[in-house]
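So you can see what is in the structure, the chains are spelled out below.
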Amino acid sequence: MNTDVIMAGFGGQGILMIGTLLSIAAMEEGKSVTFFPAYGVEMRGGTANCTVVISGEEIGSPVVGHPKSCVVMNGPSLEKYLPFVQKGGNLILNRSLVDPARVTRTDLNVLSIPANDIAREKVKTPQLASMVALGAYIAVTGVVRMRTLFDCLPKVVSKKYERFIPLNVNALKEGESFARNRA
Amino acid sequence: MNTDVIMAGFGGQGILMIGTLLSIAAMEEGKSVTFFPAYGVEMRGGTANCTVVISGEEIGSPVVGHPKSCVVMNGPSLEKYLPFVQKGGNLILNRSLVDPARVTRTDLNVLSIPANDIAREKVKTPQLASMVALGAYIAVTGVVRMRTLFDCLPKVVSKKYERFIPLNVNALKEGESFARNRA
Amino acid sequence: MKNKAKEKFTKQVFSRPRSLLDVSTHYCPGCHHGIAHRILAETIDHFDLREKTIGVAPVGCAVLMYDYFDVDFVEAPHGRAPAVATGVKRAQPDRFVFTYQGDGDLAAIGTSEIIHAANRGENLTVLFINNTTYGMTGGQMAPTTMLGQKTSTSPYGRDFRNDGYPIRIAEMLATLEGTAFSARVATSTPAQIRKAKEAVKKAFDMQIRGMGFSIVEILSTCPTNWGMKPLDAQKRVLGEMSGYYPLGVYKERKQADFA
Amino acid sequence: MKNKAKEKFTKQVFSRPRSLLDVSTHYCPGCHHGIAHRILAETIDHFDLREKTIGVAPVGCAVLMYDYFDVDFVEAPHGRAPAVATGVKRAQPDRFVFTYQGDGDLAAIGTSEIIHAANRGENLTVLFINNTTYGMTGGQMAPTTMLGQKTSTSPYGRDFRNDGYPIRIAEMLATLEGTAFSARVATSTPAQIRKAKEAVKKAFDMQIRGMGFSIVEILSTCPTNWGMKPLDAQKRVLGEMSGYYPLGVYKERKQADFA
Amino acid sequence: MTPEPVGIKRELMKGNVAICAGAIAAGCRFYYGYPITPQNDIPEYLSAHLPPIGGTFLQAESEVATINYLLGTSASGKRVMTSSSGPGISLMQEGLSYMAGSELPAVIVNISRSGPGLGGIAPSQGDYFQATKCGGHGGYRMPVLAPHSVQEMYSLTMLAFDLADKYRNPVMILGDAVIGQMKEPFVPTSYVSTVPEEKPWSLTGCAGRPRRIIKSLHLKDDEIEAHNWKLHRKYMTMREEEVRSEPTHLEGAGIVIVAFGTAARVSKTAIQWARAEGLPVGMLRPVTLFPFPSREVDEAVSRADAVLVIEMNTGQMLEDVLISTRHHDKIRFLGKPCAIPTPEEILQEIRSLAGEIGVKAGNVR
Amino acid sequence: MTPEPVGIKRELMKGNVAICAGAIAAGCRFYYGYPITPQNDIPEYLSAHLPPIGGTFLQAESEVATINYLLGTSASGKRVMTSSSGPGISLMQEGLSYMAGSELPAVIVNISRSGPGLGGIAPSQGDYFQATKCGGHGGYRMPVLAPHSVQEMYSLTMLAFDLADKYRNPVMILGDAVIGQMKEPFVPTSYVSTVPEEKPWSLTGCAGRPRRIIKSLHLKDDEIEAHNWKLHRKYMTMREEEVRSEPTHLEGAGIVIVAFGTAARVSKTAIQWARAEGLPVGMLRPVTLFPFPSREVDEAVSRADAVLVIEMNTGQMLEDVLISTRHHDKIRFLGKPCAIPTPEEILQEIRSLAGEIGVKAGNVR
Amino acid sequence: MPGTAPLPKGRIEIDFERCKACELCIPACPKNCIEMGTGTNRQGFAAAVFARPGDCTGCAVCAECCPDVCIQVWR
Amino acid sequence: MPGTAPLPKGRIEIDFERCKACELCIPACPKNCIEMGTGTNRQGFAAAVFARPGDCTGCAVCAECCPDVCIQVWR
Ligand SMILES: Cc1ncc(C[n+]2csc(CCOP(=O)(O)OP(=O)(O)O)c2C)c(N)n1
Ligand SMILES: Cc1ncc(C[n+]2csc(CCOP(=O)(O)OP(=O)(O)O)c2C)c(N)n1
Ligand code: SF4
Ligand code: SF4
Ligand code: SF4
Ligand code: SF4
Ligand code: SF4
Ligand code: SF4
Ligand SMILES: [Mg+2]
Ligand SMILES: [Mg+2]
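Residues numbered from 1 in each chain as written. Chains lettered and ligands numbered in written order. Predicted model: local features only at pLDDT ≥ 70, side-chain atom pairs only at ≥ 80, totals over all residues. Heavy atoms only, no water.

Residue and element names in this part refer to chain D. Surrounding the magnesium ion (ligand 10) are the protein donor atoms Asp-103 (OD), Asn-131 (OD1) and Thr-133 (O), at 2.0 to 2.1 Å. Read in sequence order, the donor residues for the magnesium ion (ligand 10) give the motif D-x27-N-x1-T. Highlighted residues: Asp-103 in helix α4 (residues 103–109) and Asn-131 in the loop between β5 (125–130) and α6 (160–163), separated in sequence by 28 residues. The same class applies to Asp-103 and to Asn-131, which are both buried. (Donors = N, O, S within 2.8 Å, 3.2 Å for Na, K, Ca; no water. Helix = DSSP H or I, 4+ residues; strand = E, 2+ residues; numbered from the N terminus. Buried < 20%, exposed > 50% of the residue type's maximum accessible area, 1.4 Å probe, protein only.)

With that settled, consider the side chain of Thr-132 of chain C. All names here are of chain C. Here Thr-132 is to be found in the loop between β5 (125–130) and α6 (160–163). A relative accessible area of 0% places Thr-132 in the buried class. Engagement of the side chain of Thr-132 in a polar contact is seen with the side chain of Gln-149, the distance being 3.2 Å. With residues near it in sequence (within four places) discarded, Thr-132 still touches Asp-103, Ala-142, Thr-144, Thr-145, Met-146, Gln-149, Trp-226, Arg-236 and Met-241. (Polar contact = N/O pair within 3.5 Å; in protein donor to acceptor, adjacent residues only side chain to side chain. Contact = heavy atoms within 4.5 Å.)

For these two chains of identical sequence, chain E goes onto chain F by a turn of 180° and a shift of 0.0 Å along the axis, with RMSD 0.0 Å. Here the transformation between the copies is reduced to the relation of a two-fold axis. No C-alpha of chain E lies nearer the rotation axis than that of Gly-135 of chain E, which sits 1.7 Å from it. Comparing interface residues between copies, 100% of those in chain E also lie at the interface in chain F; the contact surface is shared. (Least-squares fit on C-alpha atoms with pLDDT ≥ 70 in both.)

Residue and element names in this part refer to chain B. Of note, Met-146 is situated in helix α5 (residues 146–156). Spatially, the C-alpha atom of Met-146 lies 9.0 Å from that of Ala-25, the residues being 121 residues apart in sequence. Apart from the residues lying within four places of it in its own chain, the contact partners of Met-146 are Gly-135, Ile-138, Leu-172, Lys-173 and Glu-176.

We now examine the interface of chain C and chain F. Contacts between the two partners involve 35 residues from chain C, matched on the other side by 34 residues from chain F. Linking Asp-70 of chain C and Arg-211 of chain F is a salt bridge whose minimum nitrogen-to-oxygen distance equals 4.0 Å. Across the contact surface, chain C and chain F share 19 residue pairs in polar contact (both at pLDDT 80 or more). Of all the secondary structure elements, the ones that give two or more residues to the side of chain C that touches chain F are β2 (53–57), β3 (72–75), α3 (81–91) and α5 (111–119) of chain C. In terms of residue count, α3 of chain C provides more of the side of chain C that touches chain F than any other element does, seven residues in total. Class assignment of the residues belonging to the side of chain C that touches chain F gives a composition of 16 nonpolar, seven polar and twelve charged. Here β3 of chain C runs beside strand β9 (residues 213–214) of chain F; their pairing, made up of two bridges, is parallel. Among the inter-strand pairings, Phe-73 of chain C is bridged to a residue of β9 of chain F, identified as Ile-213 of chain F. (Salt bridge = Lys/Arg side-chain N within 4 Å of Asp/Glu carboxyl O. Nonpolar A, V, L, I, M, F, W, Y, C, P; charged D, E, K, R; others polar. Pairing = 2+ DSSP bridges.)

All names here are of chain C. Coordination sphere of the magnesium ion (ligand 9), protein contribution only: Asp-103 (OD), Asn-131 (OD1) and Thr-133 (O), at 2.0 to 2.1 Å. Going along the chain, you hit the donors of the magnesium ion (ligand 9) in the pattern D-x27-N-x1-T. Considered together, Asn-131 and Thr-133 belong to a single accessibility category, that of buried residues.

Another point: the sheet that holds strand β4 (residues 71–74) of chain H. Judged by pairing direction, the sheet is antiparallel, and its three strands sit side by side in the order β1(D)-β4(H)-β1(H) without closing on themselves. Each having just a single partner strand, β1 (12–14) of chain D together with β1 (11–14) of chain H make up the two edges of the open sheet. Put simply, the sheet's adjacent strands are angled 30° from each other on average, direction ignored. (Axes fitted to C-alpha atoms, helices over the stretch in contact; angles between N-to-C directions.)

This part takes up the interface of chain E and chain F. The interface is formed by 57 residues belonging to chain E together with 57 residues belonging to chain F. Here chain E packs against chain F, burying approximately 5000 Å² in sum over the two surfaces, 59% of which is carbon and sulfur. Looking at the side of chain E facing chain F, the largest losses of area belong to Pro-116, His-137 and Arg-326 of chain E, adding up to 15% of the total buried there. For the interface between chain E and chain F, the tally reads two salt bridges. Note that Glu-319 of chain F and Lys-133 of chain E form a salt bridge whose closest N and O atoms lie 2.9 Å from each other. Counting only elements with at least two residues in the side of chain E that touches chain F, the list comes to α4 (86–91), α5 (93–101), α6 (128–134), α9 (221–241), α12 (317–324) and β15 (331–335) of chain E. Considering every element that reaches the side of chain E that touches chain F, the biggest residue donor is α9 of chain E, with seven residues. (Buried area = accessible area lost by both parts, 1.4 Å probe.)

What follows concerns the site of ligand 3. In the vicinity of ligand 3 lie twelve residues, with Cys-28, Cys-31, Cys-61, Asn-131 and Cys-222 of chain C positioned nearest. Mapping the residues near ligand 3 onto chains gives chains A and C. Its residues assigned to classes, the shell around ligand 3 comprises six nonpolar, five polar and one charged. (Near = heavy atom within 4 Å.)

Here is the structure:
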């Protein structure tokens, strides 16, 4: 097994957190993994993104020109990454903020999910939109087990927000079930 | 013709001035010449010295390990340079300040001259001891003409001291005649 | 631009100053860099200096300011803007030269350059944006960080026993002979903004009249790295910050030393 | 040492301090570096600090001072002595650490380091030798060179329009919160020498009591580069120099900020 | 990077933080620095984690001051570290030269960015010359270690402290934004010191012993020459004893890649792909950039048909490869300043090189 | 150095002063600097001679400030120069990188001393790497000129200003205390500019034209890469067009010396002596150290039996010689850090080399 | 519209796309004319809106306080 | 020796070899006990000499002023 994903959205949407969660889960499942975030002088309030590579073998490049999957949480990120997703790759698109009509490619496996709406309406926690998207990504790719993600949540949620862990679990589940139902 | 000389003494004795005068004179006579002074962080009130190389051809090194001649104006300089003068080379020694008995080598052509005394008594200008020594050096080596030295004096004596040029001429002459008479 | 307002109210009483390009900045919401920029541009316009100005940009959040101003600009290494500006002004004494520097830039790495520019009475104008932190690099402690303030490199709060004291630049530079004008202002209320403009004008005027070095320290906000809403950040300036950094004019030369 | 004096007058009332090695210095005749050295050594002895002192040597005429003192010494790059001393003191807070710096070293290239050491209240003692010139490199203009003074790089005399103003370090550092003690003294008369010793003692005492940064500026001479006889150089200090650089204590902390 | 056997405790760790962990493990309790992207995790982490263990974190007023804080603490006999990037490292050059001249140990981390000038924060290997040829004055040298994984950020930091003390010399860790910013699983191995803790040259006050002087000035001509020869011998010993490199698939490799750090890391992917195509490609990765593994490179290369030097610059280590392999003719360079070469680009280069020299694809694994 | 025909006005001039004369002749009216031995003659001379001709002399508070004064004046479109030595040049590295990145011309003189650290003021060539590989961050390059006579101190300074403007790049003059402090006869040749005076990129206020920006920051990854490729092409052009070297007695030389500056100068004496003994020795003296005369060295060397590289350091230019002469086997190095090799020592080395390779003494002149 | 309402003396325009929703203009307006909006602009911000034009005096205080120079004022 | 001359109260010694002849001690002595000498030491300086021992009070002012720490004082 050898896969990679770029996750991208606005700063503050929790992109780096879902990337880290996915990476830790992969590690806990005994895989090699690299997590590479965008860093430094970004446009203030601009975009955030990260690349996660997961493999059964030693990983070379942590940076990926043409990802197998892409989780896109906002408009600018779609513009930036759409051209690079591999032919036949997965695009998880947050249709709460991005019009799916903007996806001009037809050679992708697109899952457009109203992540913000689900987070707000089903999870009652608007901040958890990216967690919803991660759930959907896992449903589509099966790269790690959902169970592992749940178990690893305490490692990425700070002590202060520990009590929200169940909500995070819900968000992951909602994302997963949306994806499964659509499929 | 190809020769070189190291001139050395206390700071303030005018060593660099006689070195420069000799160099300019050599240049005016159409020769190649290099003048290389000691520079920079010296012991305060310490020694001053310079090396002059004169040649009919292009000069390579302006620094000389074993000079053909040495003009020594004080004790520390004798200690420093005596071992290096070429066999058969010339040593012009200011015996007003250095006891000629300290010259332990017998393979040199030594001229010991009471330069300070001559400057004080004959030239009536104690500051001109090194000019006296230069006169003696010229008498011994004939490397430039005395006339040229006289002509070049205005180039090394600052405007302020112009009126002392005749005294400098006297000093050179006194040094020369002392050397000639001793010979 | 067509708009209904114009039909009824024909006199435009506030618009973008000529020297400020019609583009969005990269600054965070509510960051006072934007206010300082506008004041600067208005003052350039006021004195009709746009075509004879050379600006010196800092390294800090304002590093891209040359993308926002319609004047010639040179980028200085971090902290060296006063030295670069000196090089410009010496070469072109008849041009108007300013630097715009953050507190990391001016009060940390650039301490020596600002002090000697001031001490030489270099005929320059400096806008100094004190937001008590290194905004651009992610909110580290600056020499101007307040005691007790938590930053990404003072996670337990600034402690004078380890980190020393917040430094008062306007006061320190005012003690130097070469300084013609030194003032501290803020931009957190409309009244303060008006005073800030006055101070910047005076600083410009000093250079125009060849009086020597002029500096205006502007107490500013960094909502992002302070972890505050912009309005709360403004309140911090009005309270805590102006308490330690009193607003006012610390030096104003009335007459040139040479006449 | 055998000598007749001892036979009759048995009490030696003045001798070389223990911390000063029995060697000749390289200083020019009449240079006050020697006086400052002796005062420093006497104060080290007075507080019995020889065995727990680490000195930081500057780059300047005093660069070789480690050859003259019987204490541990580290050489700092030009101007960086306060930073090097900070590194030493942070590593060994129970040792006594001082720097000794010239005006080129401290007031020019080392401006930033001295200001921030003071501002941090770094628990160090600084002896600052102001002789209005770069002695070691041959008498160039320093930031402390007097207006009108001719040096090898101000051949027409220092002109504030090109070169700025002589900078007053003791006063400037006194304005910083972290400074516990700042004074200016001279060593041109016996009375001044006594006062200078008092000031150096106080500065030492500040560090011993953990009060923070202490500095003593010593108006000194450079007969060689001033082109003066040593006695005339002393007169310049008493007159012209003390006129612009007034002697006195500019700051003296009575109590530590933390108790 | 190789997946660890299950059971060993692994942590997902950021490269920059691994440096901190390595420093703390190696007993470093003093850190001074000045913020600069992309290494801010290091001061940020240490400002939180040094004080609780009795260590000192002090943010300096500048990089010029920083390196001199290091000088003072090192002279006191303590392990000390700083980190910076491009412009900040440039400002430390005078101090680095002084530390080398005064024979003072310290660890300097350069999480490099792209230059020249303010440049940008894109990853780059443009500081190879500055690090290995030493950007300060006077011709000193220092060991330069080039980690290519989070695990190495940790282990090479520990090694750096030992080398620094062993040779009384500054040691540089040359990373880049990729290795500094990425996270990957990491196993905290324990630190075993290889050098004596006592520093009989350190300045601690002269109680019960003659005073000590630490300096780099030698005014007499022959003294400074003797001092430089002494330093030179030290550098020669480093060349003899401290070379480190990692061979990958060198056996039977017709094409040998020479690359370090991130470029080497990315090359590994390309090599996997190439070998999957049957192309006999291997790599010699210098871990120490100074001392450069000249013998190792020469050996690896002498048996190959072609050499591909890959750098994230326009050709710097290339010079050391050329010097090391004086009789090899087929040296090709793939360089990108301020950008990571993709595995695809490298594979392309390998293919075309294979075509040129007539290396046939076969079964290589 | 060759005696000028009588009649031409010669002056006895100090090397450092010849630099000032060259700068003034080339129209430089701005000098900033900070005192340091052994180059103080330059600021001292210019502080006296620039103001009377309407120029600006300003002593800076430090070398860090100095290089940034240069940056500002250069951005204003004016010719500007500084000079320093070892520690001061190290402090300029960040600024130099910025100037290279911002493509700003200036002339930087390094009258080098011995290091590392405070070192000493003995002459040395220990800064070769710093100058030619560029000690600042980010992998920029700059032309480095190495005068070996007072006359060249003058002429190469004039050339330096032209190169700086032609390439919009800093240019370094790398001298040492010997060439800086010595006096010899000198003929003030007249300056003929080879570059247009107008600088259409300079900042003069945007009257009647769009504003201009001078900067080195390029935040977008591809922008900074493109910028670096652009700079790289410029450096390649320098390599093509600006190589300068001086051959001496190369014809039939079985032994070729490669040396620059003072080492080359001293070698000339040794060569005279060796040739007087009938030993066929010649020299290729690089005048530009960057761009290094690789082709010239390779050519000179390819016809020789042995090469003797002589430097006042422990082997720096040697690396460039090795890179330039990949297939030559008999390369010997004579190095002395912080001391001038004497003609005697060089002659000795020549003799033993001649013995080894079996070069027979004969009539060579 | 009741006859007693005073006529507005000025009018502002807020650049919807450029507003960063910092809210600084809200308390700045002495007449309380501005409110935060609900529509999100292309930058992702819910820009401020000129909610009570009737009270505007055209004093320009709001514009002076806006860091992003989004407000133009007419009188 | 006239009977009225007071006995000296102190005595100094000047290190002949170390003195740099700066003359600072000369005006420093309130009793005018020191003079510049004529003999040149190894450094080349005409060192100061304790010329009028009879008047010395052992006050040590001369020693305090000597930059080269050449003077020792006894009482
Ligand atoms: C020599 C050097 N050191 C450090 C940096 C990194 N750096 C960039 S901006 C900055 C601090 C900016 O803070 P400040 O000047 O207060 O401006 P602000 O962003 O707060 O407006 C630093 C440390 C750099 N670019 N160069
Ligand atoms: C970085 C650097 N710049 C310049 C120098 C040269 N330098 C040596 S001492 C000195 C000035 C010393 O003057 P000051 O500090 O006043 O001491 P003084 O000799 O007057 O006692 C200078 C500029 C240096 N060593 N290092
Ligand atoms: S980080 Fe702070 S200073 Fe920088 S733009 Fe954002 S709010 Fe303003
Ligand atoms: S040069 Fe000046 S400061 Fe230096 S030792 Fe001589 S008199 Fe003293
Ligand atoms: S112009 Fe004045 S009244 Fe009108 S909206 Fe702005 S602040 Fe309010
Ligand atoms: S102040 Fe400006 S940017 Fe902020 S909310 Fe109001 S209009 Fe928008
Ligand atoms: S001890 Fe006093 S009285 Fe005696 S010589 Fe010295 S200064 Fe004069
Ligand atoms: S003060 Fe000291 S050095 Fe000077 S003359 Fe007197 S004894 Fe000699
Ligand atoms: Mg700031
Ligand atoms: Mg001084």
